[in-house]
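# Examination of the molecular architecture
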Amino acid sequence: MTKWVWKGLQTGIKTTAYPGSPETAAGVSPGRPGWKDPVERKKIMSLMDLCPTGALRPTEERISMDYRRCIHCFRCRRFPAEPLDWEPGYEWGEIVSNQGNLGKTFSNSLHIRIVDAGACGACLSEIGHITSPYYNIHRLGFFITPTPRTADVLLVAGPGTDHMRLPLEKVFEAMPAPKRVVAVGTCALTGGIFGKSFATRAGVGEIVPVDVEVPGCPPPPLAIIHALLVTAGRKKPPDAPSYPGTEREEGRS
Amino acid sequence: MALPLDKIMKWKNLAQTAASRWPGRVEVSLDENRLTAHLRCSPDDLQGVCGWLFFELDYSFATLVVEEETASWSFRYIFYGDLGSGQVHIIVRHPLSETTIPCISRLIHAADWQEREIEDLFGLHFEGHPRLGDFVLHEEWPEGVNPMRTSFDSTRVYPHRESEPAWGPQTIVEAAGAFMMPIGPVYSDHAESAHFLLETLGEDVLRTIPRFFYKYRGLEKIAEGKSVDQVLLLAERFSGTSAFAHSLAFCQAVEGTIGAEIPKRAQALRVFLAELERLRHHVAAITGICQSTALAVATSQASILEEKILRLTCRYLGHRYLFGLNIPGGLSLDLTDDTCKGISEAGWDVLEKLKKLQGMLRFTSSFLDRLEEVGMVSKDKAVSYGLVGPVARASGVLRDLRVVQPYAYYGDHLKFYVPHEEEGDGYARLRVLFSEAEQSINLMHQVSASLPAGPVKTRLDPAPGSCLGWVESPGGATFHWVRLGEAGRVLRYRVMTSSFVNWHGFHLAAEDFAFQDFPIIMATFALSNAECDR
């Protein structure tokens, strides 16, 4: 077995320096549509027609994004002659409930329970990567726990399928308070393209109360880590609100 | 493409052979362009014709497409054969009032789950099928609710009935000390939701009874009435880890309905990207296998490679999982020749590291002990269950759609080898994954070295019609059947995936092995529940 030890030592440290310093390697995040400078109304409307989920909305003379609906189809970027700006980055986690973060007691250690409520596999794959050498959440004091009884955070992906309703409710109930629910990916936030139907809900928020949202289809591992840091109160949510509307503003901490 | 003469003659003679066997009862029409034969027969002859194709002519069962038409049910049994044997569609029509049809799964076990699925979702009865009832829809759905019927309103949430408190799964094993061990649907890590009932007498798993469709999102139903552009998003996103393969199958089906000519460059790039996805899928599967045996350093090594491929994909193609690339008519993005070369160069680097990893695993006895002669699937069983992809090839069943039904840019000018093993155990499956990853890098290199020039998309206006699209997805043969109506609306969308087929045969491997082998056997199958449940 010594050859494996040697191999591990030879490989060296691969882990990102985030959140100590930003991760700048190419390909860690697909980015997302950015704010467009004021443009003509006609152009705004033509861009909006391209958006299949209504993530692009016109406000006054510019376009606003509802990232909770964006599914990374790249239609606003690749189809028009004048594409929408694209913003790099991955700090996408946002607090959406009045409960705020978990507070000081939990800032150095979180135990996370993962439930798949109908995810396509991409979100789950990205969640899997947060424990891989490149991202390694253990260094942050975050651990994936096999039982809801010791979990502080419930990480849910998928639109909330009908058949997963009961298991999801049971997991949430089994967790001790204080607890927070982190919804990962566009499907978990709004139902994504599966939307509300006989088989799925419009997001897991219809089944359990969501506290932190991570938009993206799928959100890259760093975005999920950012959301966990936000939940633990170690990072601030992004400054610019990702979508217009005031009803959610109260809960922002 | 040079087709074997004997096979093609056999295909052309289908009409005569069928006429001599069932005089005046089986109507055959041949579509030479698509190499597809359409056989129309009555329900009485269905079993005979299916058995003839499967056992005598060596065709594989692909899928059963049921369509509710204005006055009748249409049952379309799709079979495919070796190179030159083309496809055969058996079409049976039945008046709408008649909801019973003979089952073919008594003969062809591969159709078992598909008939169960259709019984549950359409409310049709397959006469002679031994095990019908709750399958896709669990017990809290009232009987008589059939979501795939056209009259069903898919937009509203359906009220449930209270499940009976006394309800419990049926047990098969009856012996002193026998018990049933439930696993899932929520696991201790990031595994997908699925439930297994393992019947046991202590150590060995005697019966594995899967309970799936926790992730059923009604894909086929919610696609109905949507535009091609919208359904493309569904095809791409119902199984994110093989998104490119599924969007490709859907695009090929749409392109097939109008017989559109796709630019050569787009076809070549599609092959390039499909192989890149296969490489990532297989590396992820290898990571999973190392993880299931708790070999920490090997898991890290494999997952470093996986993340490298993800970053490479994102850097050049915008998205880590190849979303948003396929569009009906080509690709949404052109790659420069240099980009392709860059990606395939990086592929060689991945290959070198994979080979080193394989070399180390080969001499790690604690690892091999968990895989060798564990989770065996015999060749006979693999054929009878119609298993596909790396799982089937590890049991010696070679039927790769890239070879037997070439599509896109696959064909004589791309040289590759379809890896296969005979043992059918976990280690054979691992070896197939390693060799296929190597072949994928080899194919990417060949394509990037001979990339045709020209545009990557053509304008395409969907017209009414229907067509089958197929790809060899990373997990195996995948079929998308699309019927388009006026204004490019999808009327019927049928998706048959490799995971659905291979989960059906999973119990073969898991039974008669110990509990602690179960997660390892599962990892060597490398299946997706999102792809199975749809």
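These figures come from a predicted structure and were not determined experimentally. (Residues numbered from 1 in each chain as written. Chains lettered and ligands numbered in written order. Predicted model: local features only at pLDDT ≥ 70, side-chain atom pairs only at ≥ 80, totals over all residues.)

All right, on to the overall build of chain A then. If you tally the helices and strands in chain A, you get seven helices and 10 strands. Its C-alpha atoms give chain A a radius of gyration of 19 Å, near enough to 18 Å, the size a compact globule of 253 residues would have. With the principal axes as the frame, chain A shows a C-alpha extent of 65 × 45 × 35 Å. Counting every position in chain A, which comprises 253 residues, the buried fraction comes to 52%. (Helix = DSSP H or I, 4+ residues; strand = E, 2+ residues; numbered from the N terminus. Rg over C-alpha atoms; globule rule 2.2 N^0.38 Å. Buried ≥ 20, exposed ≤ 12 C-beta atoms within 10 Å, placed from the backbone.)

Along chain B, the regular secondary structure elements total 18 helices and 16 strands. A compact globule built from 534 residues should have a C-alpha radius of gyration of about 24 Å, and chain B, at 23 Å, falls within 12% of that. Each of the three principal axes of chain B carries a C-alpha extent, and together these read 70 × 60 × 50 Å. Every one of the 534 residues in chain B was classed for burial, and the buried ones make up 54%.

Quick look at the domain arrangement of chain A now. Where interface size is quoted, it is often the accessible area lost as the parts come together. Domain annotation for chain A reports domain 1 (32–87) and domain 2 (94–251). Contact with domain 1 of chain A, which involves 11 residues of that partner, is made by 11 residues of domain 2 of chain A. (Domains from an automatic or database assignment. Contact = placed C-beta atoms within 7 Å.)

Residue and element names in this part refer to chain B. Close contact between helix α10 (residues 337–362) and helix α15 (residues 426–449) brings their axes to 9 Å; oriented N to C, the two are set at 160°. With respect to α15, the element α10 is oriented roughly antiparallel. The two elements α10 and α15 meet at a crossing, and its hand is left-handed. Packed against α10, whose contacting residues are Cys340, Lys341, Ile343, Ser344, Gly347, Trp348, Val350, Leu351, Leu354 and Gln358, the element α15 presents Phe434, Ala437, Glu438, Ile441, Met444, His445 and Ser448 at the interface. (Axes fitted to C-alpha atoms, helices over the stretch in contact; angles between N-to-C directions. Parallel < 35°, antiparallel > 145°, perpendicular 65-115°, else oblique. Left-handed = near helix turned anticlockwise from the far one by under 90°.)

Turning our eyes to something else, we now look at the interface of chain A and chain B. Counting residues at the interface gives 50 residues for chain A, matched by 54 residues for chain B. Elements with a minimum of two residues in the side of chain A that touches chain B: α1 (2–11), β6 (110–116), α4 (122–129) and α5 (165–174) of chain A. Here the side of chain A that touches chain B takes six residues from α4(A), the largest share from any one element. Taken together, the residues of the side of chain A that touches chain B break down into 31 nonpolar, 14 polar and five charged. (Nonpolar A, V, L, I, M, F, W, Y, C, P; charged D, E, K, R; others polar.)

The next thing to look at is the nonpolar core. A:Leu154, A:Val156, A:Leu168, A:Val182, A:Ala183, A:Val184 and A:Leu228 are the most contacted members of the largest nonpolar core, which totals 241 residues. Looking at which element gives the most residues to this core, the answer is helix α8 (residues 264–292) of chain B, with 15 residues. Not counting chain neighbours up to four residues away, the residues in contact with A:Val182 comprise A:Val153, A:Leu154, A:Leu155, A:Asp211, A:Val212, A:Val214, A:Ala227, A:Leu228 and A:Thr231. (Core = buried A, V, L, I, M, F, W, Y, C linked by C-beta atoms within 7 Å.)

All right, on to the sheet that holds β6(A) then. All names here are of chain A. Spatial ordering of the open sheet is given by β5-β10-β9-β8-β6-β7, a layout of six strands whose pairing is mixed. Each edge of the sheet is formed by a strand with only one pairing partner; in this case those strands are β5 (94–95) and β7 (142–144). Here β6 pairs with β7 via three bridges, running parallel. Across the sheet, the residue bridging to leucine 110 is phenylalanine 142, located in β7. Strands in contact with helix α7 (residues 221–231) are β5, β6, β7, β8 (153–157), β9 (180–184) and β10 (212–214); relative to β10, the strand with the most contacts, it is inclined by about 165°. (Pairing = 2+ DSSP bridges.)

What follows is about the packing of α15(B) against helix α17 (residues 518–525) of chain B. All names here are of chain B. Interaxial distance between α15 and α17 falls to 9 Å at its minimum, and their mutual angle equals 30°. Accordingly, the angle class assigned to the pair α15 and α17 is roughly parallel. The element α15 and its partner α17 pack so that their crossing is left-handed. Contacts from Gly426, Arg429 and Leu430 of α15 reach α17 at Ile520, Ile521 and Thr524. Among the residues forming the contact of α15 with α17, the class breakdown is three nonpolar, two polar and one charged.

For the rest of this paragraph, the subject is α8(B). All names here are of chain B. Here α8 contains 29 residues, and its C-alpha end-to-end distance of 42 Å stays within 8% of the 42 Å for a straight helix at 1.5 Å per residue. Within α8, 28 of the 29 residues are buried, which leaves the element mostly enclosed by the surrounding structure. A positive phi of about 60° marks alanine 294, the residue just after α8. (Expected span 1.5 Å × (residues − 1).)

All names here are of chain B. The assigned domain composition of chain B is domain 1 (5–127) and domain 2 (219–452 + 460–529). Distance between the C-alpha centres of domain 1 and domain 2: 27 Å. Every contact between the two is made by 14 residues of domain 1 and, on the other side, 17 residues of domain 2. Contributing elements (two or more residues each) for the side of domain 1 that touches domain 2: β3 (60–68), β4 (72–80) and α4 (112–122). By residue number, the principal contributor to the side of domain 1 that touches domain 2 is β3, which donates six residues. A breakdown of the residues in the side of domain 1 that touches domain 2 according to their chemical character gives eight nonpolar, three polar and three charged.

Here the bond from A:Ala177 into A:Pro178 is cis, since omega is -5°, no more than 30 degrees from zero. Tracing the backbone shows A:Pro178 in the loop between α5 and β9. Backbone torsion omega between A:Cys217 and A:Pro218 reads -10°, so that peptide bond is classified as cis. With respect to the element layout, A:Pro218 can be found in the loop between β10 and α7. At A:Phe74, a residue that is not glycine, the phi angle is positive and equals roughly 65°. Topologically, A:Phe74 is positioned in the loop between β3 (62–65) and α3 (75–78). Judged by local crowding, A:Phe74 falls into the buried class, with 22 C-beta atoms found within 10 Å. The backbone of B:Phe213 sits at a positive phi, close to 65°, despite the residue not being glycine. In this fold, B:Phe213 is placed in the loop between β10 (204–211) and α5 (219–223).

Turning our eyes to something else, we now look at helix α16 (residues 498–510) of chain B. Residues and elements named next belong to chain B. The end-to-end C-alpha distance of α16 is 18 Å, a good match for the 18 Å that 13 residues give at a rise of 1.5 Å each. Taken as a whole, α16 carries its principal kink of about 40° at histidine 504. Aspartate 512 sits one or two residues past α16 and shows a positive phi near 70°. (Bend = angle between axes of the 7 residues up to and from the residue.)

On to the environment of A:Gly160. Residue and element names in this part refer to chain A. You can see glycine 160 is positioned in the loop between β8 and α5. Residues glycine 160 and threonine 190, 30 residues apart in the sequence, show an inter-C-alpha distance of 9.7 Å. Residues within four places of glycine 160 in sequence aside, it is in contact with Ala117, Gly118, Arg165, Thr200, Arg201, Gly203, Val204, Glu206 and Ile207.

A few words now on the sheet that holds strand β15 (residues 490–496) of chain B. The pairing of strands in a sheet happens through backbone hydrogen bonds and is either parallel or antiparallel. All names here are of chain B. In space, the three strands of this open sheet follow the order β13-β14-β15, with antiparallel pairing throughout. The open sheet has two free edges, formed respectively by β13 (465–473) and β15, since each of these has just one partner strand. The sheet shows a mean angle of 15° between the axes of neighbouring strands, taken without regard to direction. Pairing of strand β14 (residues 476–484) with β15, which is carried by six bridges, proceeds in the antiparallel orientation. Directly across from leucine 484, in β15, lies its bridge partner valine 490.

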